[in-house]
Amino acid sequence: MCGIAGMASTLAPDTNLVRRMCDVIAHRGPDGVGYHDDDHAALGMRRLAIIDVATGDQPVYNEDSAITAVFNGEIYNYAELRRELTAKGHRFRGEGDSETLVHLYEEHGIDMLDRLRGMFAFAIWDRTRERLILARDRVGKKPLYWRADHSSIWFASELKSLAQDPGMRREIDPVALHHYLTYQYVPAPWSIYEGVRKLPPAHVLIWEHGRATIRRYWKLDRAEQRFTDEREAEERLRELLLEATRVRMVSERPIGAFLSGGIDSSAVVAAMAMQSPEKVKTFCIGFEDRRYDERHKARLVAEQYGTDHHELVVSADLLDVLPRLAWHFDEPFADSSAIPSFYVAQLSRSHVTVALTGDGGDECFGGYQRYALMNQAGRIPALPRPLATASARFGNLITERSHSKSPARRVGRLMRFVAEPPSRRYATLMSCFKPEQKAAIYTDAFREQVADVDSLLLLETLFRESSAATDLGRVLDVDTMSYLPGDLLVKVDITTMANSLEARSPFLDHHLLEWAAGLPAAMNVRGRRTKLLLKRAMAPWLPQELLNCPKQGFGVPLAAWLRGELRELSHDVLTDETARSKGLFRRAAVLDLLRRHAEGADHSDRLWALLQFELWHRAHAVPGAPALTGAACPQTRG
C-alpha cells in the first residue's frame, strides 16, 4: 500500500538514517498507476500520487536538510499552510502537501499537529536534536506500526514491511489474539505480533536517546452545548458537510464516490454534486439476496443528481477473494463487510483514483440501532444478581437461535443488556466471543496465558473516561476511539489501497466531528429512532423515501455462506493438522460450533473470526504455519 517504512537508530550515521527512513517496501502497485517514488532502489518509498504528481517524491527536506519527513495520506489545508509558511520566509522545492510537514515542524515543533487538517501517518527526523517524531491523524485513517529496542526504532505503514526484517520475531501475541476474538480486530496499541505496536489515533511518538515517549494530542470534548434552534443546527450541519466535502475534492486524478444507498454516502454524493462542475461518478454494489441489496436506494440519489452511476452485482468467488483479503490485511480481521468493500473499491478503481465515502456519519450522529438500544436499556434499573444471570443466559440463547435482523434477536440482546451495568453492557454488545465462550474454546495452555486479561475492560475504560454526560454520548465516544479506527477505517484503508484507490471521508473532518460531539443526545436518538438531526438536515437534499428507510448496513449473507459454499472450507481449515498444531483452540469445541451452526444456531460471527485468523496465519506464513495454498494474489497494492 502507499505508505512509509523505515528504521532510526541512535547509533546510526545520519547519512544512513535518511535512507533507512524510506526503507524498501516490498509490495508494488499495478503498472500504469502513478506513485511518488525515489529513483534509488534502497529508498523505495511508495505513495499513491494524487496531488503534485510531477514533483511529489519523498523523502522531503527543509532548506538545509536538517529536517526530513516521509508521509502517508493527504493534508487538505496544505495550500493555506504553504501560503503562511512562505510569508514567513520558508522556501519550497515542490508544489504538494508533503513539504508542509518539515517547514511546519520548523515553525511550531510538535504543536504543528494542531494545524493539520487531513489523514496522515508521518515520520520526521530532526537531525539537530537527534529526535524522531511519529504521528497519526486524529481519527486513525492511516495506520502506523512500530517496534523498538534499547537503541533503535522501526516503523511502517504496513506490518508486512516490518516483517521483512529478519531480526523481528513473528510470534503471535496471545493478548492481541484474545482481544481480536472479542472485537473482530486487534485494537491499538496491540498488534498481532509480540513486540510490535500500533500508534493509536491522535497520538504522537517522540524517540530520543533510545527512548520512546507517547502522548495524545487531540480528543473530542463530549460536553453538550446548548442548541436552542434545531433549524439553525440543521443549516450548520449542511454548511460543515459541504465544506468538508469541498476540501476533499482537490485532486489531480479522477475522483468519485461510493454510493451504498444509505444516508451517509448519499449525503456526501449530494454535497459533491452541488460543488462539482462535472457529473459525479458514483459506484454501488449489490447482492442477489434482497436483504443485503441497496442498489434501488442508490439509484434514487444517482437519478436525482444525474451522476455517472456504475453498479456491480457481486456473485462472490469466495475461494478466490478470501485468500486475497487474508494477504492484504496485515492482521486477522473478521468484519465480513470487507468483502463488499473490496469489490466496490475494485469497481471504482477502474474509473477513478480517489473515492469519497460516508464513513463516520453513524458515529457523529447516532446511526446504529445499538445506540437506541442503549438508550432504552438505560431506563431499566439494575437487576438483582440471580435475575441478571438468568437474563444474560436466556438472552444469549435467544440471540444465537435467531436471525441477525429479527425481533427475537433484538429481545435477546436487550435481555443481555439489562444484566450488566451500562459500560459492561456496551462492551458485551460489541463483542464477538463472550468471555465464557472464549474460555470454552481455548486449550488449557492458551487459557492460562490470558487468564488475567479481561478484553471487555478496554471498552469499559473508554466508557468511564468519556466526558459525555449521557450513556449515548459515552458510547458515541467509545465507538469513535475504538470501533471506528480499529474496524471501519482499517477495512476501508486496506480494501481501497489493495486496489490503488484513495478513500476520503468528509464526515471524519475534525471540524465537523468537534461540532457534532457537542450535540445534545436527544437531537440524534429518541426512542428507537436514530440519526434524527442528519435526516432532518438532509431532507432538502435527499429523496424522502431514502430518509424513511431503516438502516441496512453493508452486510453479507454470512450465516448462509458458512452453511453452504464455505461449509467445507471452514471445516477443513479450522480442524486440520495446521490449525491443531498451534495449540490455541480445542478441536472438539470448534467442531461443536460448526455442528451447531449447520443445524441452525447462528455462530457465523465466531466461526468467521476463527476462519479469518487461520487464513491470515497461513497467508503470512507465520513461523510454524505453511503458506496458504493458492493464496498468491496480484500485486494490486498501491
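Procedures and definitions
- Residues numbered from 1 in each chain as written.
- Predicted model: local features only at pLDDT ≥ 70, side-chain atom pairs only at ≥ 80, totals over all residues.
- Heavy atoms only, no water.
- Helix = DSSP H or I, 4+ residues; strand = E, 2+ residues; numbered from the N terminus.
- Buried < 20%, exposed > 50% of the residue type's maximum accessible area, 1.4 Å probe, protein only.
- Areas by Shrake-Rupley, 256 points an atom, 1.4 Å probe, with all protein chains shown as cover.
- pLDDT = per-residue confidence, 0-100.
- Contact = heavy atoms within 4.5 Å.
- Salt bridge = Lys/Arg side-chain N within 4 Å of Asp/Glu carboxyl O.
- Pairing = 2+ DSSP bridges.
- Phe/Tyr/Trp six-rings, centres within 6.5 Å; stacked < 30°, edge-to-face > 60°.
- Lys NZ or Arg CZ within 6 Å of the ring centre and 35° of its normal.
- Axes fitted to C-alpha atoms, helices over the stretch in contact; angles between N-to-C directions.
- Core = buried A, V, L, I, M, F, W, Y, C linked by side-chain atoms within 4.5 Å.
- Parallel < 35°, antiparallel > 145°, perpendicular 65-115°, else oblique.
- Left-handed = near helix turned anticlockwise from the far one by under 90°.
- Nonpolar A, V, L, I, M, F, W, Y, C, P; charged D, E, K, R; others polar.
- Expected span 1.5 Å × (residues − 1).
- Arc of directions from axis to C-beta.

J.: What exactly am I supposed to notice about the overall build of the protein chain here?
T.: Across its full length, the protein chain carries 28 helices and 17 strands. Residues counted as buried form 61% of the 638 residues belonging to the protein chain. Surface summary for the protein chain: the accessible area is close to 24700 Å², and the carbon and sulfur share equals 50%.

J.: Which parts of the structure should I look at to understand the confidence of the model for the protein chain?
T.: If pLDDT is low for a region, its predicted coordinates should not be looked at in detail. Predicted confidence across the protein chain gives a mean pLDDT of 86, with 86% of residues reaching 70 or more. In the model, residues 10–45 has pLDDT below 50 throughout and makes 111 contacts with residues more than four positions away in sequence or in other chains. With pLDDT under 50 throughout, residues 627–638 is counted as low confidence; its partners more than four residues away or in other chains account for 42 contacts.

J.: For this particular structure, what's the right way to read the pattern of salt bridges?
T.: As a working rule, side chains carrying opposite charge can pair if their charged atoms are close by. Enumeration according to the criterion identifies 43 salt bridges in this entry. Here Asp330 makes a salt bridge to Lys160, at a shortest N to O gap of 2.6 Å. Residue Asp330 is found in the loop between α9 (318–328) and α10 (338–349), and its partner Lys160 is found in helix α4 (residues 159–163); the two are separated by 170 residues along the sequence. Overall, the relative accessible area of 5% leaves Asp330 in the buried class. Arg246 is paired through a salt bridge with Glu243; the nearest N and O atoms lie 3.0 Å apart. Of this pair, Arg246 and Glu243 both sit in helix α6 (residues 230–247), three residues apart, which is roughly one turn of that helix. The exposure class assigned to Arg246 is partly exposed, which follows from its relative accessible area of 43%. Residue class for Glu243 comes out partly exposed when judged on its relative accessible area of 27%. Each of the salt bridges in this network shares a partner with another, and the network as a whole consists of Arg117, Glu243, Arg246, Arg248 and Asp509.

J.: What's the story with the pairing of strand β6 (residues 118–126) in this structure? I'm lost.
T.: Note on strand geometry: in a regular strand, side chains alternate between the two faces of the sheet. Burial of β6 is extensive: eight of the nine residues sit out of reach of the surface. Pairing analysis gives nine bridges linking strand β5 (residues 67–75) to β6, with the strands arranged antiparallel. Along β6, the bridge assignment pairs Ala69 with Ile124. Note that β6 and strand β7 (residues 131–136) share six bridges and pair antiparallel. For Ile124, the partnering residue across the bridge sits in β7 and is Ile133.

J.: What is the right way to look at the packing of aromatic side chains in this model?
T.: Aromatic ring pairs: the centre-centre distance and the angle between the two ring planes describe each pair. For the coordinates displayed, the defined rule picks out 14 aromatic pairs. An angle of 80° between the planes, with centres 6.0 Å apart, marks the rings of Phe342 and Tyr343 as edge-to-face. Aromatic pair Tyr442 and Phe585: ring centres 6.3 Å apart, planes at 35°, arrangement tilted. With Tyr442 in the loop between α16 (435–441) and α17 (444–449) and Phe585 in the loop between α26 (577–581) and α27 (587–598), the pair connects residues that are 143 residues apart, well separated along the chain. Neither Tyr442 nor Phe585 differs from the other in exposure class; each is buried. Each residue in the set Tyr193, Tyr442, Phe446, Phe585, Phe613 and Trp616 is aromatic and connected to the rest through ring pairs, giving one cluster. Note that Arg147 overlies the ring of Trp154, its terminal NZ or CZ placed 4.1 Å from the centroid. Between Arg370 and the ring centre of Tyr368, over which it is positioned, the NZ or CZ distance is 4.0 Å.

J.: Which parts of the structure should I look at to understand the sheet that holds strand β17 (residues 502–504)?
T.: The strands that make up a sheet are held in pairs by hydrogen bonds between backbone atoms, and each pair lies either parallel or antiparallel. Read across the open sheet, the five strands follow the order β15-β14-β13-β16-β17; overall the sheet is parallel. The outermost strands of the open sheet, each flanked by one partner alone, are β15 (308–313) and β17. The mean inter-strand angle of the sheet, taken between neighbouring strand axes irrespective of direction, is 30°. Sheet topology places strand β16 (residues 354–356) next to β17; three bridges connect them, and they run parallel.

J.: Sorry if this is basic, but what is going on with the sheet that holds β6 here?
T.: Spatial ordering of the open sheet is given by β4-β5-β6-β7-β11-β12, a layout of six strands whose pairing is antiparallel. In the strand order of this sheet, the two ends are held by β4 (60–61) and β12 (211–216), each with one partner. Where strand β11 (residues 203–208) lies against β12, six bridges are found, and the strand directions are antiparallel. Within β12, the position partnered with Glu208 by the bridge is Arg211. Contacting β4, β5, β6 and β7, helix α3 (residues 99–108) crosses the sheet at an angle of about 125° to β5.

J.: What exactly am I supposed to notice about the nonpolar core here?
T.: Nonpolar side chains in soluble globular proteins tend to be buried together. Formed by 162 residues in total, the largest nonpolar core has its most connected members in Leu113, Leu116, Phe122, Leu177, Phe365, Met538 and Phe585. Ignoring anything within four residues of it in the chain, the contact list for Met538 reads Leu237, Arg238, Leu241, Ile263, Ala267 and Leu547. In terms of nonpolar packing, the next biggest core, distinct from the first, is built from 14 residues, Ala121, Leu132, Ile153 and Leu199 among them.

J.: Honestly, the packing of α10 against helix α20 (residues 483–497) in this entry has me stumped. Any pointers?
T.: Each packed pair of helices is defined by two parameters, the angle between the axes and the distance between the axes. Viewed as axis vectors pointing N to C, α10 and α20 meet at an angle of 40°, and their least axial separation amounts to 8 Å. With respect to α20, the element α10 is oriented oblique. Crossing handedness for the pair α10 and α20: right-handed. In this structure, α10 contributes Ala338, Ser341, Phe342 and Ala345 to the contact, and α20 contributes Lys491, Thr495 and Thr496. Considering only residue class, the contact of α10 with α20 consists of three nonpolar, three polar and one charged.

J.: What should I look at first to understand α27 in this one?
T.: Here α27 is 12 residues long and its end C-alpha atoms lie 17 Å apart, about the 16 Å a rise of 1.5 Å per residue gives. For α27, the complete set of buried residues consists of Ala589, Val590, Leu593, Leu594 and His597. Down the axis of α27, the sector holding all buried residues measures 140°, keeping them to one side. On its buried face, α27 sits against α16, α24 (558–563), α25 (567–575) and α28 (604–619).

J.: Please explain the packing of helix α2 (residues 78–87) against α3 as it appears in this structure.
T.: Closest axis-to-axis distance for the α2/α3 pair is 10 Å, and the angle between their directions is 50°. Relative to α3, the element α2 is oriented oblique. Where α2 crosses over α3, the two elements pack in a sense that is left-handed. Here Tyr78, Leu81, Arg82 and Leu85 of α2 come into contact with α3, specifically with Thr100, His103, Leu104 and Glu107. Across the contact of α2 with α3, the residue classes break down as four nonpolar, two polar and two charged.

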